[in-house]
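# A look at the structure
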Amino acid sequence: MLVDAHCHLDFAHFDGDRTEVFKAAKAVGVAHFVVPGTTRSRWQQVLALAERADTSVCLGLHPYFVEQHQEVDIAALDHMLSHYSEVVAVGECGIDGRFSDTLEAQWYYFDAQLALAKQHGLPVVVHCVQANDQVAKRLRQLKLPKAGLIHAFSGSIEQATKFLDLGFKLGLGGAVTYERARRLHRTVAALPDNAFVLETDSPDMPLSGYQGMRNEPCRISQICAVVSKLRGQSENHVAAQSSATATQLFDLNFTKC
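Residues numbered from 1 in each chain as written. Predicted model: local features only at pLDDT ≥ 70, side-chain atom pairs only at ≥ 80, totals over all residues. Heavy atoms only, no water.

Turning our eyes to something else, we now look at the overall build of the protein. Looking only at helices and strands, the protein has 9 helices and 8 strands in total. Here the C-alpha atoms of the protein give a radius of gyration of 17 Å, agreeing with the 18 Å that 2.2 N^0.38 yields for 257 residues. Relative to its full complement of 257 residues, the protein shows a buried share of 54%. Here the contacts in the protein between residues at least 6 apart in sequence split such that 70% fall between residues at least 24 apart. Roughly 11,400 Å² of accessible area belongs to the protein as shown, and the carbon and sulfur atoms make up 48% of that amount. Within the protein, the 28 negative side-chain charges are centred at a point lying 6 Å from the centre of the 24 positive side-chain charges. (Helix = DSSP H or I, 4+ residues; strand = E, 2+ residues; numbered from the N terminus. Rg over C-alpha atoms; globule rule 2.2 N^0.38 Å. Buried < 20%, exposed > 50% of the residue type's maximum accessible area, 1.4 Å probe, protein only. Contact = heavy atoms within 4.5 Å. Areas by Shrake-Rupley, 256 points an atom, 1.4 Å probe, with all protein chains shown as cover. Lys, Arg positive; Asp, Glu negative; His and termini not counted. Charge placed at Lys NZ, Arg CZ, Asp CG, Glu CD.)

Right, let's talk about the packing of helix α8 (residues 220-231) against helix α9 (residues 235-250) for a bit. When two helices pack together, their arrangement is captured by the angle between the axes and the distance separating the axes. Two numbers describe how α8 lies on α9: the axes approach to 8 Å, and their chain directions differ by 110°. Accordingly, the angle class assigned to the pair α8 and α9 is roughly perpendicular. On α9, the residues touching C224, A225, V227 and S228 of α8 are E235, V238 and A239. Along the lines of polarity and charge, the residues of the contact of α8 with α9 split into 5 nonpolar, 1 polar and 1 charged. (Axes fitted to C-alpha atoms, helices over the stretch in contact; angles between N-to-C directions. Parallel < 35°, antiparallel > 145°, perpendicular 65-115°, else oblique. Nonpolar A, V, L, I, M, F, W, Y, C, P; charged D, E, K, R; others polar.)

With that settled, consider the sheet that holds strand β3 (residues 55-59). Taken in spatial order, the 8 strands make up an open sheet running β1-β2-β3-β4-β5-β6-β7-β8, and their pairing is parallel. Each edge of the open sheet is held by one strand with a lone partner, namely β1 (2-4) and β8 (196-198). Looking at each pair of strands side by side, their axes are set apart by 25° on average, direction ignored. Pairing between strand β6 (residues 148-151) and strand β7 (residues 169-172): 2 bridges, direction parallel. Looking at the pairing, I150 lines up with L170 of β7. (Pairing = 2+ DSSP bridges.)

It is worth spelling out unusual backbone geometry at this point. Here the residue pair G91 and E92 is connected by a cis peptide bond, since its omega of 20° sits within 30 degrees of zero. Residues S202 and P203 are joined by a peptide bond in cis, for which omega reads 10°. By secondary structure assignment, the location of P203 is in the loop between β8 and α8. A positive phi angle, close to 55°, is found at Q130, a residue other than glycine.

What follows concerns the packing of aromatic side chains. Applying the stated criterion across every chain yields a total of 6 aromatic pairs. Aromatic side chains F22 and F33 sit 4.8 Å apart centroid to centroid with 80° between the ring planes, which places their arrangement in the edge-to-face category. Taken together, the positions of F22 in helix α1 (residues 18-27) and F33 in strand β2 (residues 30-35) put the pair 11 residues apart, joining distant regions of the chain. With a centroid separation of 5.1 Å and an interplanar angle of 85°, the aromatic rings of Y64 and F65 are classed as edge-to-face. (Phe/Tyr/Trp six-rings, centres within 6.5 Å; stacked < 30°, edge-to-face > 60°.)

Quick look at the structure:
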């Protein structure tokens, strides 16, 4: 059994064949999907996927779209978290250091969402690019009771340890499939069994050999194969352990799957 712990299946990229995408993933053993929110305008599309027994959802404001966010969106998110019990986490939220001109606004919305996660007792799904040390420092200050997921982690084992010490799990995706990602490979090999989950970030974060193509949850089986090789473990072990970690992190319910 596999869990894709981070995939944007609400995106328009899948409007033409979403049912087939789910079927293809099921065919390779994916039992559950976690879909994060990115902007307020897409929350309803995300929540619509929560009607599926095999899908859990998160709601949040992504730093990449920070110029679309408004201050009222924070109050709206608070309202949604209070009224939709199917939401399993706050996110995707965080900091993207590649966009230095919007960092002040990014930190404003990130801090506001961290506060909501603490208030509602939910984990957070964190987008962290070129900001591992700064984000780890902020998370250490807040001491979130449910911690969360550092999505698409690609840092060193030292940076990984900072997040793990705070109770966070690391998302491993397409980046591990590239031969040039040697630092990440060393990190993956050194992680404890319960430190990571597998994710595709579909339709983004393509695997090696699929550059320029739409990413899909069915490719998580290939990510699992690479991770298992790096760790010297069987694919069944990595699949079972990462799925158990995702289940615990997001309190997933498989009773109807």
